[in-house]
Amino acid sequence: MSYQLNFGALLDYQDVLLDGLWMTVKLTLISTVLGILLGVLGAAARRHRNAALRHLSKAYVELIRNTPFIVQLFFVFFGLPAIGIKMTAIEAGVLALVINLGAYLTEIIRAGIDATPKGQLEAARTLGLSSRQIFIRIVLPPAFQRVYSAVVSQCIIVMLGSAVVSQISVPELTFAANFIQSRNFLSFESYLVAALFYLILAFLMRLAFNLIGARAFSRKEKTL
Amino acid sequence: MSLVSVRDVHKYFGELHVLKGIDLTINAGEVVSIIGRSGSGKSTLLRCMNGLESYEQGAIILDGMEVSTDEFQVRKLSHSVGMVFQSFNLFPHLTVGENIMLAPKLIKRVGKEEAKKLAMEVLEKVGLADKFGQYPEKLSGGQQQRVAIARSLAMKPKVLLCDEITSALDPELVGDVLKVLEQLAAEGMTLILVTHEMNFARDVGDRVVFMHQGKVHETGDAKEVLANPQTPELQQFIGAVL
Amino acid sequence: MSQFTDWDILRNLLLAARWTVLLSLIAFAGGSIVGLLLTFMRISRRRSLIWVTRIYIEIFQGTPLLMQLFIAFFGLGLLGIDVSAWTAAALALTLFSSAFLSDIWRGCVESLPKGQWEASRCLGLNYLQTMRYIILPQALRIAIPPTVGFSVQIVKGTALASIIGFVELTKAGTMLNNATFEPFKVFALVALIYFLLCYPLSRASQYLEERLNVAGKRA
Ligand SMILES: Nc1ncnc2c1ncn2[C@@H]1O[C@H](COP(=O)(O)OP(=O)(O)OP(=O)(O)O)[C@@H](O)[C@H]1O
Ligand SMILES: [Mg+2]
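Procedures and definitions
- Residues numbered from 1 in each chain as written.
- Chains lettered and ligands numbered in written order.
- Predicted model: local features only at pLDDT ≥ 70, side-chain atom pairs only at ≥ 80, totals over all residues.
- Heavy atoms only, no water.
- Pairing = 2+ DSSP bridges.
- Helix = DSSP H or I, 4+ residues; strand = E, 2+ residues; numbered from the N terminus.
- Axes fitted to C-alpha atoms, helices over the stretch in contact; angles between N-to-C directions.
- Contact = heavy atoms within 4.5 Å.
- Near = heavy atom within 4 Å.
- Polar contact = N/O pair within 3.5 Å; in protein donor to acceptor, adjacent residues only side chain to side chain.
- Areas by Shrake-Rupley, 256 points an atom, 1.4 Å probe, with all protein chains shown as cover.
- Salt bridge = Lys/Arg side-chain N within 4 Å of Asp/Glu carboxyl O.
- Buried < 20%, exposed > 50% of the residue type's maximum accessible area, 1.4 Å probe, protein only.
- Nonpolar A, V, L, I, M, F, W, Y, C, P; charged D, E, K, R; others polar.
- UniProt positions renumbered as here; feature names shortened; annotations may be inferred.
- Parallel < 35°, antiparallel > 145°, perpendicular 65-115°, else oblique.
- Left-handed = near helix turned anticlockwise from the far one by under 90°.
- 1 Å grid on protein atoms, 1.4 Å probe; cavity = no way out; pocket = protein on both sides within 12 Å on 5 of 7 lines; lining within 4 Å.
- Points joined across faces, edges and corners; volume = space filled by probe spheres on them.

1. Considerations on the sheet that holds strand β10 (residues 215–221) of chain B
Sheets are built from strands that pair by backbone hydrogen bonding, the pairs being arranged parallel or antiparallel. Residue and element names in this part refer to chain B. Within the open sheet, the six strands sit side by side as β6-β7-β8-β3-β9-β10. Their pairing is mixed. Because the sheet does not close on itself, it has two edges, and the strands there are β6 (81–84) and β10. On average, adjacent strands in this sheet sit at an angle of 15° to one another, irrespective of strand direction. Strands in contact with helix α5 (residues 141–153) are β6 and β7 (159–163); relative to β6, the strand with the most contacts, it is inclined by about 170°. Of the strands in this sheet, β3 (31–36), β7 and β8 (190–194) touch helix α6 (residues 171–186), which is tilted by about 145° from β8.

Structure representation (structure tokens):
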């Protein structure tokens, strides 16, 4: 038996595909930004004076890293409304993605923070900076730079993982592919094209992050 | 009135008794060199003076303030005491200018233009006015250390603590840093330095404090003490380093 | 209201978790075999082999595992092979794991100092002998912690097999949720069981890593 691949038929659904792609991009953008924020907060908590905060952060990281994203997603989307926390599918999707990314980034950024030379902290303390000022101005920027490539990789992993939010009917790229193949039965072609889009997205994301990183971490002389 | 007064200070690292009752009074404008063998407690004493290290017994009064490791107290102290480290400790993600302006802006709420003026002023003092926009990694060790001094000076401290600030430098770069210190001394800055530069201690310093096993073992006028050490320990020490 | 007691829910989940474990083991074993092959290709000196493995790894690391599952499921069907969700899941997870494992292992081999190769050359060992007696024994040691660490990703990855209809822990969870209308409890239990499977592996990986670091410093 031979099968003729038929990609041309997908053109009828290009709007659906592009809408899905756009939704994936939006989901990724917002969860990347919020996830990085959460990761920074998590890392700060992980190294906080307050022991309760430290334990909380550690428990959060372990809980998320040792359970599948899809279960986290279902828990947020199905479980939380059952205790009165209602939200739309998109909100649930974003929330789950942010929580997931935040946990990994907490661990990554913490590692960057731990590599801070002790002398840097002492110099800052001697200059009179408060703990918060030291964390934000002295510790965080170089720490983030140290682990930047790991942060980038994790953000890309979460972008790819966002395919799973199709399972709660968020109309993103995978959902679009599901929809198309349910109409024209060209499953293989639909998913192959969607996969290609993901591949391109991953590539572009790395490119964008590298450009941002090169700018943000440039050590070129500044003029007065 | 004395600027720094250390009274019967004891310091322990766990079981280890590192400072065993230090008494020391330093007046404004004095240049005091702390010398002694490795492990005698020189760094620890210096670090106790600006709240980087706690002490268990005794008291340190600096510029009328009781020194402690309490964050609030350390912030207050930063107006009166600066510190320069062996390893420079410049912030790598900030330019030279940003390194210097950071504390005046954050702690003293100095305005942008004034901070810049201040930074240029202290940079000129250490001979590096042209490095304002440069990042530390582009500077030599000697230049980095001079920037670190400038950074401390920008807070206009009354006393500058220096812990072996030339020890990490290539020999040919040591001179530039010492020249800056000498100039500061001439301007009347109070300096407390842990150092192995005996010539500097003798020629520029007013007083030498020889530490031995956690105690001030011998102290006095720099030229006199170094020329005529009284205790066998100091004689041996001077013999070893010269 | 529902005829399911808490114990029923838990029992059913645990029964389904057996399939999660089995699928994980198969994916790990399959992934290791294919991954080993890829690793050898990757560290060979043949340009073409290196390129093939690089593209392979890029594809599997650059697309969602879910897509890989779908493509395996529907792609094999096109080839006229009648696939069950089980076969498709085992295949996709094997290929997925092999890409990541080979990438990890290549890193381990390449992390060994270049001097090792040169020293072996001087001793008169050829490429294969150097591999067999010098490089691999050392690489193996440093490869164990990250490999154990990746096994956590495999266990979690099997959860996606539920989407193509394979009844493992997650699928059992959604089914029980539909039957009991107690999503909070059901998915919390599902998460708990995954946690109990994954956490020991995570800890083991960390422990091995630390032990390796300590040993490395002493040496
Ligand atoms: N953070 C610490 N924890 C435990 N022990 C310490 C610590 N810092 C210093 N010590 C110990 O305290 C003693 C005094 O150390 P200190 O650094 O003050 O000596 P030093 O005179 O500055 O020596 P060096 O010339 O080597 O710098 C040493 O025995 C040292 O090992
Ligand atoms: Mg010292």
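2. Let's talk about the site of ligand 1
All names here are of chain B. Phe 13, Leu 16, Val 18, Arg 37, Ser 38, Gly 39, Ser 40, Gly 41, Lys 42, Ser 43, Thr 44 and Glu 164 make up every residue found near ligand 1. Here an oxygen atom of ligand 1 sits 2.6 Å away from a polar atom, N or O, in the side chain of Ser 38. At a separation of 2.4 Å, an oxygen atom of ligand 1 approaches a polar side-chain atom of Thr 44. Bound to the protein, ligand 1 loses 58% of the 630 Å² it would expose on its own. Elements that contribute at least two residues to the shell around ligand 1 include exactly β2 (16–26) and α1 (42–49).

3. Section: the pattern of salt bridges
A full pass over the atoms with the stated rule returns 24 salt bridges over all chains. Where Arg 47 of chain B meets Glu 122 of chain A, a salt bridge forms, and the shortest distance between an N and an O atom there is 2.7 Å. Highlighted residues: Arg 47 of chain B in helix α1 and Glu 122 of chain A in helix α5 (residues 118–126), drawn from two different chains. Residue Arg 47 of chain B is classed as buried on the basis of its relative accessible area of 14%. The shortest N-O distance in the salt bridge between Arg 106 of chain C and Glu 110 of chain C comes to 3.0 Å.

4. Some points on unusual backbone geometry
Residues and elements named next belong to chain B. Of note in this structure, Asp 8 is not a glycine but carries a positive phi near 50°. Take Asp 8: it is sitting in strand β1 (residues 4–13). What makes Asp 8 partly exposed here is its relative accessible area of 35%. The backbone phi angle of Gln 213 is positive, close to 50°, even though this residue is not glycine. With respect to the helices and strands, Gln 213 occurs in the loop between β9 (207–212) and β10. We classify Gln 213 as exposed; its relative accessible area is 54%.

5. Some details on the interface of chain C and chain A
The partner chain A presents 36 residues to the 35 residues of chain C that form the contact. At the boundary of chain C and chain A, one finds zero salt bridges. Applying the counting criterion to the chain C and chain A interface returns three residue pairs in polar contact (both at pLDDT 80 or more). Elements represented by at least two residues in the side of chain C that touches chain A include exactly α2 (47–62), α3 (65–78), α6 (127–157), α7 (169–180) and α8 (183–218) of chain C. No other element matches α8 of chain C, which puts 12 residues into the side of chain C that touches chain A. In the side of chain C that touches chain A, the residues fall into 22 nonpolar, 11 polar and two charged.

6. A few points about the arrangement of the chains
Highest in contacts among the two pairs of chains that touch are chains A and C. Spatially, chain B and chain C are disjoint, and the shortest separation between their C-alpha atoms is 24 Å.

7. Details of the UniProt feature "domain: ABC transmembrane type-1" (unreviewed entry) in chain C
In the numbering used here, UniProt assigns the "domain: ABC transmembrane type-1" (unreviewed entry) feature to residues 17–205 of chain C. For the annotated span residues 17–205 of chain C, helix accounts for 83% and strand for 0% of the residues, and the straight-line distance between the end C-alpha atoms is 22 Å.

8. Some thoughts on the environment of Met 205 of chain A
Residue and element names in this part refer to chain A. Mapped onto the elements of the fold, Met 205 is located in helix α9 (residues 187–216). For Met 205 and Ile 156, which are 49 residues apart along the polypeptide, the C-alpha to C-alpha distance reads 7.0 Å. Every residue in contact with Met 205, bar those within four places of it in the chain, is listed here: Thr 28, Thr 32, Cys 155, Ile 156 and Met 159.

9. Considerations on the packing of helix α3 (residues 96–108) of chain B against helix α4 (residues 112–125) of chain B
Residue and element names in this part refer to chain B. One can describe the packing of α3 onto α4 by two numbers: an axis separation of 9 Å at closest approach and a directional angle of 120°. If you check the angle between α3 and α4, you find them oblique. Where α3 crosses over α4, the two elements pack in a sense that is right-handed. Mapping the contact onto sequence places Val 96, Ile 100, Met 101, Pro 104 and Lys 105 in α3 and Lys 112, Ala 115, Lys 116, Leu 118, Ala 119, Val 122 and Leu 123 in α4. Of the residues in the contact of α3 with α4, the class split is nine nonpolar, no polar and three charged.

10. Comments concerning empty space enclosed by the protein
Summed over the entire model, instances satisfying the criterion amount to two cavities of 30 Å³ or more. The calculated volume of the largest cavity comes to roughly 80 Å³. Lining the largest cavity we find Ala 123, Thr 126 and Leu 127 of chain A together with Ser 78, Val 81, Gly 82, Met 83, Phe 85, Arg 151, Ser 152, Met 155 and Pro 157 of chain B. For the lining of the largest cavity, the elements supplying multiple residues, two or more each, are α5 of chain A together with β6 and α5 of chain B. What the second largest cavity holds in volume is close to 60 Å³. For the second largest cavity, the full set of lining residues is Cys 162, Glu 164, Ile 165, Thr 166, Leu 178, Leu 181, Leu 193, Val 194, Thr 195, Glu 197 and Phe 200 of chain B. Its residues assigned to classes, the lining of the second largest cavity comprises seven nonpolar, two polar and two charged.

11. Examining the UniProt feature "transmembrane region" (unreviewed entry) in chain C
All names here are of chain C. Annotation from UniProt places "transmembrane region" (unreviewed entry) at residues 20–43, 55–79, 85–105, 142–164 and 184–202. When the span residues 55–79 is considered, its composition is 88% helix and 0% strand, and the gap between its end C-alpha atoms is 23 Å. End C-alpha atoms of residues 142–164 are separated by 36 Å, and the span's content is 70% helix alongside 0% strand.

12. Points about the layout of surface pockets
Over the atoms rolls a probe the size of a water molecule, and in doing so it shows where empty space is left. All names here are of chain A. Roughly 770 Å³ of volume is contained in the second largest pocket. Considering the residues around the second largest pocket, the lining is formed by 22 residues, among which Ala 44, Arg 47, Ser 131, Arg 132 and Phe 135 are closest to the centre. Of all elements in the fold, only α1 (14–46), α4 (89–114), α5 and α6 (131–146) reach the threshold of two or more residues within the lining of the second largest pocket. Ranked by residues supplied to the lining of the second largest pocket, first place goes to α6 with seven residues. By residue class, the composition of the lining of the second largest pocket is 12 nonpolar, four polar and six charged.

13. Looking at the pairing of β10 of chain B
Every regular strand shows the same layout, with side chains that alternate between the two sheet faces. All names here are of chain B. In terms of strand pairing, β9 meets β10 through six bridges, oriented antiparallel. Each bridged residue has a counterpart across the sheet, and for Val 209 the counterpart in β10 is Thr 219. Between β9 and β10, which follow one another and run antiparallel, lie two residues, and Gln 213 among them has a positive phi close to 50°.

14. Section: the UniProt feature "domain: ABC transmembrane type-1" (unreviewed entry) in chain A
The residues that UniProt annotates with the feature "domain: ABC transmembrane type-1" (unreviewed entry) are residues 21–209 of chain A. A distance of 19 Å separates the end C-alpha atoms of residues 21–209 of chain A, which is 82% helix and 0% strand.

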